[in-house]
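Listed below are the residues making up each chain.
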Amino acid sequence: MDKGLKPSLRERAGAEKQKIQGMTREKALRYIWTYYKIPIVGILVFIFLVIYFIHAFLNRPEDTILHVTFVNCYDDVSEKSDFHKEFLEYADFQETGEVIFDSNVFFDLSKDSDYANTYFQKTVAYLEAGTTDALICQETNMKGMAKGGRVLNLEDERSAGIYEKYKDRIVYYTTEEGEDIPVAVDISDSPRFKGMSSYQNSEGCYLCVSAYIDQADQVEVFLDYLLK
């Protein structure tokens, strides 16, 4: 069956090549885009993700104590903000290193198109490179990240302290197989967010731990800061 199919495919490919070669350059480009834009876009997204992942891995900061990504945050959480300064005072980390709150990330996973969003690709690259320790996000994005297996099952030994301490705030994600997995901590009522506008909406606000984290002790300290 394969031997009969291969010549046919070659013939079709040859005919397509001849057809394109017989067109003007402008018409050929328009034809290729019209009929092949989906695979072209898919290849470009794949290439971008590979490059971004390599860049994130090679540039992973070695002296970072905690890296939190704030999704769709329009408030100032930079190192100059009161939010950042108050956390450092609260945590009183003995280690030398940076605490990074990255709020330059905007996407909505209720839209399929946003899975190709460069901010989403950045977030995935930073998670898989082990750069990001935790995500702050709304419900839709939390579920999208959980579906992709990029957030930690909070019953894992790496986050045992978080699971036990905040058991009454744990949010579960139901897989396609019907398994309920604890994937986030509900922080919607955090007193630290009262002066902020970004997460005061009906979708709520959740903290997810990276599935690629080595240990979640520093994330637990951050959670204590948010909820106490």
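See above for the structure.
Conventions used here
Residues numbered from 1 in each chain as written. Predicted model: local features only at pLDDT ≥ 70, side-chain atom pairs only at ≥ 80, totals over all residues. Heavy atoms only, no water. Helix = DSSP H or I, 4+ residues; strand = E, 2+ residues; numbered from the N terminus. Buried < 20%, exposed > 50% of the residue type's maximum accessible area, 1.4 Å probe, protein only. Contact = heavy atoms within 4.5 Å. Areas by Shrake-Rupley, 256 points an atom, 1.4 Å probe, with all protein chains shown as cover. Pairing = 2+ DSSP bridges. Patch = residues over 30% accessible without salt bridge, like charges linked within 9 Å, V, L, I, M, F, W, Y side chains within 5 Å. Salt bridge = Lys/Arg side-chain N within 4 Å of Asp/Glu carboxyl O. Lys, Arg positive; Asp, Glu negative; His and termini not counted. Charge placed at Lys NZ, Arg CZ, Asp CG, Glu CD. Polar contact = N/O pair within 3.5 Å; in protein donor to acceptor, adjacent residues only side chain to side chain. Axes fitted to C-alpha atoms, helices over the stretch in contact; angles between N-to-C directions. Phe/Tyr/Trp six-rings, centres within 6.5 Å; stacked < 30°, edge-to-face > 60°. Core = buried A, V, L, I, M, F, W, Y, C linked by side-chain atoms within 4.5 Å.

Caption draft 1: Molecular detail of the overall build of the protein. A count of helices and strands for the protein gives seven helices and six strands. Reading the helices (α) and strands (β) of the protein from amino to carboxyl end gives α-α-β-α-β-α-β-α-α-β-β-β-α. For the protein, the proportion of its 228 residues judged to be buried stands at 41%. Looking at the protein alone, contacts between residues at least 24 apart form 68% of all its contacts between residues at least 6 apart. Element-wise, carbon and sulfur atoms account for 52% of the exposed surface of the protein, whose accessible area totals about 13,500 Å².

Caption draft 2: Just the pairing of strand β5 (residues 180-186), in detail. Within β5, five of the seven residues are buried, which leaves the element mostly enclosed by the surrounding structure. Taken together, the five bridges between strand β4 (residues 170-174) and β5 define a ladder with antiparallel strand orientation. By the bridge assignment, V171 is partnered in β5 with A184. Connecting β4 to the antiparallel partner β5 that follows it, the hairpin turn spans five residues, and G178 within it adopts a positive phi of roughly 90°. Pairing geometry for β5 and strand β6 (residues 206-209), over two bridges, is antiparallel. The residue of β6 that forms the bridge with D186 is Y206.

Caption draft 3: Region of interest: a negative patch on the surface. Taken together, the side chains of E176, E177, E179 and D180 make up a negatively charged region of the molecular surface. Residue placement: E177 occurs in the loop between β4 and β5.

Caption draft 4: Molecular detail of helix α4 (residues 118-128). All buried positions along α4 are accounted for by F120, Q121, K122, T123, V124, A125 and L127. The opening residue of α4 is N117, an N-cap whose side-chain oxygen sits 2.6 Å from the backbone nitrogen of Y119. Phi for G130, located one or two positions after α4, is positive at around 80°.

Caption draft 5: Up close: the sheet that holds strand β3 (residues 134-137). Strand order in the open sheet formed by six strands is β2-β1-β3-β6-β5-β4, with mixed pairing between adjacent strands. Strands at the two margins of the open sheet, each flanked by one partner only, are β2 (98-102) and β4. Averaged over neighbouring strand pairs, the angle between their axes works out to 30° when direction is ignored. Both strand β1 (residues 64-70) and β2 contribute to a ladder of five bridges, which runs parallel. Following the sheet pairing, H67 is matched in β2 by I100.

Caption draft 6: Broad picture of the packing of aromatic side chains. As enumerated under the stated definition, the model contains 19 aromatic pairs in all. On the numbers, 5.5 Å between centres and 85° between planes, the contact of F106 with Y119 is edge-to-face. Here F106 is found in the loop between β2 and α4, whereas its partner Y119 is found in helix α4, with 13 residues between them in sequence. Given a relative accessible area of 22%, F106 falls into the partly exposed group. For Y119, a relative accessible area of 31% gives the class partly exposed. Seen in terms of ring centroids, F193 and Y199 are 5.4 Å apart; in terms of plane orientation they differ by 50°. Their pairing is tilted. Overall, F193 belongs to the buried group, its relative accessible area being 0%. What makes Y199 buried here is its relative accessible area of 3%.

Caption draft 7: A look at the nonpolar core. Ranked by size, the top nonpolar core spans 36 residues in total, and within it I136 and F222 carry the most contacts. Listed by contribution, the elements that provide at least two residues to this core are β1, α3 (82-91), β2, β3, α6 (160-165), β6 and α7 (217-227). Those residues within four positions of F222 in sequence are excluded, and the remaining contacts are L66, V68, F70, F83, F87, F101, I136 and L207. One finds F107, L127, V151 and V171 within the second-largest nonpolar core, a separate group that totals 20 residues.

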